[in-house]
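Summary of the model geometry
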Amino acid sequence: MRSTNPVLTRLDDVRRAERQVLGAADTMTVTDVVSRTVGLLLLAGVTAAVAWVVVPQAVWIPAALAGSSLASLALVLVISLRQVTNPPLIVGYAVLQGLLLGVASRAFEQVYPGIVVQAVIGTFGVFLGMALLYRARVVRATPRMARLVAGTLLGILVLSLVNLVAYLFTGRQGVAVYSLTAPVGWLPYVFSVVAIIAGAFSFILDFDLVERSTRAGLPRRYAWYCAFGLLVGLVFLYWQILRLLGYVRR
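Conventions and cut-offs
- Residues numbered from 1 in each chain as written.
- Predicted model: local features only at pLDDT ≥ 70, side-chain atom pairs only at ≥ 80, totals over all residues.
- Heavy atoms only, no water.
- Helix = DSSP H or I, 4+ residues; strand = E, 2+ residues; numbered from the N terminus.
- Buried < 20%, exposed > 50% of the residue type's maximum accessible area, 1.4 Å probe, protein only.
- Contact = heavy atoms within 4.5 Å.
- Core = buried A, V, L, I, M, F, W, Y, C linked by side-chain atoms within 4.5 Å.
- Patch = residues over 30% accessible without salt bridge, like charges linked within 9 Å, V, L, I, M, F, W, Y side chains within 5 Å.
- Areas by Shrake-Rupley, 256 points an atom, 1.4 Å probe, with all protein chains shown as cover.
- Salt bridge = Lys/Arg side-chain N within 4 Å of Asp/Glu carboxyl O.
- Axes fitted to C-alpha atoms, helices over the stretch in contact; angles between N-to-C directions.
- Parallel < 35°, antiparallel > 145°, perpendicular 65-115°, else oblique.
- Left-handed = near helix turned anticlockwise from the far one by under 90°.
- Nonpolar A, V, L, I, M, F, W, Y, C, P; charged D, E, K, R; others polar.
- Polar contact = N/O pair within 3.5 Å; in protein donor to acceptor, adjacent residues only side chain to side chain.
- UniProt positions renumbered as here; feature names shortened; annotations may be inferred.

Description of the environment of L231
- With respect to the helices and strands, the residue L231 is situated in helix 8 (residues 222–248).
- Look at L231 and you get buried, because its relative accessible area is 2%.
- Each C-alpha atom of the pair L231 and Q97 lies 9.7 Å from the other, and the pair is 134 residues apart in sequence.
- Apart from residues lying up to four places away in sequence, L231 is in contact with L40, L41, Y93 and A94.

Take a look at the structure:
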């Protein structure tokens, strides 16, 4: 079963390519993936806290958001397409994403006090909940689930891009509302809820892929790649929850 996370999907190909040449090589474990994921999350969190305090609110916010967004997107494409397991590059992504999280979250917090804590609790609550469901085998990764989640996430991506282009050229906001104070209709609510559900169930497929990859004996360096993929999924979920809470708080 292939993960719907675009970063982790390529591990299936890696596993098949390297399975015959591993021998007695040092192989990764689930503990390796967990430790690196926690480390990347802590690094992103510390960077976000520093950006929250240091980056001037009025002048540099647009530049910081645009620059870190483009740099983060570029790193995601490079790391996922080239199957990069280089820790400095992955750490660089965590730092850039932390900058983006810190600056943007501060903007939300100034309009809606307490919303960032709510979004963080909601993100990790969903993540841990899905981990427990997977551990207890209450929810299993199946081909049907993989197709459904993959199709949903692809649709979310396409609609988000179309909505963003339409907003930039016409100022109209459809499935997502970018202004922190503009009124929100029913469609953005539905879109956000669907995105959160799809993001949550993608973790089931990611957990399954990481578990199977450790059993297949991928080299330990791929623990960084898995941790990076999980970080991407968590960041996606955080933004969706933060946006939905912003809608509700209006």
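Some words on the nonpolar core
- Ranked by size, the top nonpolar core spans 46 residues in total, and within it M28, V33, F203, I204 and F207 carry the most contacts.
- The leading source of residues in this core is helix 8, at 12 residues.
- The residues touching V33, leaving out its near neighbours within four places in the chain, are M28, V210, A223, C226, A227 and L230.
- Counting 10 residues, the second largest nonpolar core, distinct from the first, contains A94, A227, F228 and V232.

So, unusual backbone geometry
- Phi is positive for R137, close to 60 degrees, though the residue is something other than glycine.
- Judged by its relative accessible area of 31%, R137 is partly exposed.

As for the side chain of E211
- Along the chain, the position of E211 falls in helix 7 (residues 186–216).
- Taking the relative accessible area as the measure of exposure, E211 reaches 17% and is therefore buried.
- For E211, the contacting residues outside a window of four places in its chain are Y134 and R137.

Topic: a nonpolar patch on the surface
- A cluster of nonpolar side chains, namely L154, L157, V158, L161 and V162, defines an oily patch on the protein surface of about 470 Å² accessible area.
- Mapping L161 onto the fold places it in helix 6 (residues 143–170).

Side note on the packing of helix 2 (residues 30–54) against helix 4 (residues 87–111)
- At a minimum axis distance of 7 Å, the contact between helix 2 and helix 4 shows a crossing angle of 45 degrees. Put simply, helix 2 runs oblique to helix 4. In terms of crossing hand, the pair formed by helix 2 and helix 4 is right-handed. Along its contact with helix 2, which presents L40, L43, A44, T47, A48, A51 and W52, the element helix 4 presents I90, V91, A94, V95, G98, L99, L101, G102, V103, S105, R106 and E109.
- Grouping the amino acids of the contact of helix 2 with helix 4 by side-chain chemistry returns 13 nonpolar, 4 polar and 2 charged.

Here we look at the side chain of T37
- Checked against the element boundaries, T37 lands in helix 2.
- Among the residues examined, T37 registers a relative accessible area of 7% and is labelled buried.
- For T37, the side chain forms a polar contact with the main-chain oxygen of V33, separated by 2.7 Å.
- Residues within four places of T37 in sequence aside, it is in contact with A227 and L230.

Concerning the UniProt feature "transmembrane region" (unreviewed entry) in the chain
- The feature "transmembrane region" (unreviewed entry), as given by UniProt, occupies residues 38–55, 61–81, 88–108, 114–134, 146–169, 189–210 and 222–241 in the numbering adopted here.
- With 94% helix and 0% strand, residues 38–55 has its two end C-alpha atoms placed 25 Å apart.
- Taken as a whole, residues 189–210 contains 100% helix and 0% strand, while its terminal C-alpha atoms sit 32 Å from one another.

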